[in-house]
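# Examination of the molecular architecture
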Amino acid sequence: MTSKLAPRLAELRDKITQTQAELAALPDQPLPAVDALARLDAWIASEAARFDAAQAARAFTTQGAHIDVLQVQGLRNTDASVQTDLAPLLCALFAPEIKARLSDVIQALPAPPGPALAERPAILRRLTDELDRLERGEERLIRESGEALPRRGDARPEIVLLPDGML
């Protein structure tokens with residue numbers, strides 16, 4: 001590789017690595033409290049909706065029926081353990097208490113540096129567009145060099161196979 005191309009290619013590849021890392025880290029960045037509280041509300045409502053109160057109530061309408069309203073069925077795992085899911089029952093019966101307790105904990109967390117949920121699609125688009133631009137630039141540089149330069153092991157085939165006019 002010529003000394004003139006080496007720094008440009010290394011710089012592009014560093015930027016590609018940085019952008020890939022930002023993209024990978026975005027989903028795991030903590031949410032602001034307002035988004036976390038909205039997710040909590042949605043989760044509680046979803047779990048409570050899984051509890052069939054009408055079916056539970058029917059147990060009281062028949063004289064001979066076995067009343068097992070609060071009995072939780074378990075799922076047997078392959079390792080012979082039993083997994084139970086109390087969330088639907090607890091959220092149906094104690095939604096306000098669960099919401100209050102978890103809301104207090106969420107609000108007590110330090111302010112997270114992550115972006116709001118509403119901002120994340122735009123950030124994702126920006127990073128994806130930036131990565132695409134950088135990878136096209138890298139491929140253009142490799143082709144224009146006239147040398148047999150190695151490509152990154154994670155170079156995207158859809159970029160490598162583009163015709164010259166589309167880079």
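In what follows, the accompanying structure is described. Quick caveat: nothing in here was measured; it's all calculated off a predicted structure.

This next bit is on helix 2 (residues 33-50). For helix 2, which comprises 18 residues, the first-to-last C-alpha distance of 26 Å matches the rise-based estimate of 26 Å (1.5 Å per residue) to within 8%. Buried residues along helix 2 sit against helix 4 (87-108).

Here the focus is the pattern of salt bridges. Applying the stated rule across the entire model yields 16 salt bridges. With a closest N to O distance of 2.5 Å, R151 and E139 form a salt bridge. Separated by 12 residues along the polypeptide, R151 in the loop between helix 5 (120-145) and helix 6 (157-160) and E139 in helix 5 bring together distant segments of the chain. Among the residues examined, R151 registers a relative accessible area of 39% and is labelled partly exposed. Since its relative accessible area comes to 3%, E139 is described here as buried. Shared partners join several salt bridges into a network, and the residues in it are R13, D132, E135, R136, E138, R152, D154, R156 and E158.

Turning next to helix 1 (residues 5-25). Taking 1.5 Å of rise per residue, the 21 residues of helix 1 would be expected to cover 30 Å, and the 30 Å separating its terminal C-alpha atoms lies within 8% of that figure. Listing the buried residues of helix 1 in full gives L5, L9, L12, R13, I16, T19 and L23. Buried residues along helix 1 cover an arc of 125° about the axis, so they all sit on one side. The outward face of helix 1, more than 90 degrees from its buried face, is lined by the exposed residues D14 and Q18. Buried-residue contacts for helix 1 involve helix 5.

The nonpolar side chains of soluble globular proteins are, as a tendency, buried together. Membership of the largest hydrophobic core is limited to 11 residues, which are L5, L9, L12, I16, L23, L127, L131, L134, L141, I142 and L149. Going through the elements one at a time, helix 1 and helix 5 are the ones with two or more residues in this core. In terms of nonpolar packing, the next biggest core, distinct from the first, is built from 7 residues, L37, I44, I98 and I106 among them.

We now examine the packing of helix 1 against helix 5. Contact geometry of helix 1 with helix 5 gives a least axis separation of 9 Å together with a crossing angle of 155°. What the angle tells us is that helix 1 and helix 5 run roughly antiparallel. As for how helix 1 packs across helix 5, the hand of that crossing is left-handed. Residues L5, R8, L9, L12, R13, K15, I16, T19, Q20, E22 and L23 of helix 1 form the contact with helix 5, whose own contacting residues are L124, L127, T128, E130, L131, L134, E135, G137, E138, L141, I142 and S145.

Cut-off values and rules
- Residues numbered from 1 in each chain as written.
- Predicted model: local features only at pLDDT ≥ 70, side-chain atom pairs only at ≥ 80, totals over all residues.
- Heavy atoms only, no water.
- Helix = DSSP H or I, 4+ residues; strand = E, 2+ residues; numbered from the N terminus.
- Expected span 1.5 Å × (residues − 1).
- Contact = heavy atoms within 4.5 Å.
- Salt bridge = Lys/Arg side-chain N within 4 Å of Asp/Glu carboxyl O.
- Buried < 20%, exposed > 50% of the residue type's maximum accessible area, 1.4 Å probe, protein only.
- Arc of directions from axis to C-beta.
- Core = buried A, V, L, I, M, F, W, Y, C linked by side-chain atoms within 4.5 Å.
- Axes fitted to C-alpha atoms, helices over the stretch in contact; angles between N-to-C directions.
- Parallel < 35°, antiparallel > 145°, perpendicular 65-115°, else oblique.
- Left-handed = near helix turned anticlockwise from the far one by under 90°.

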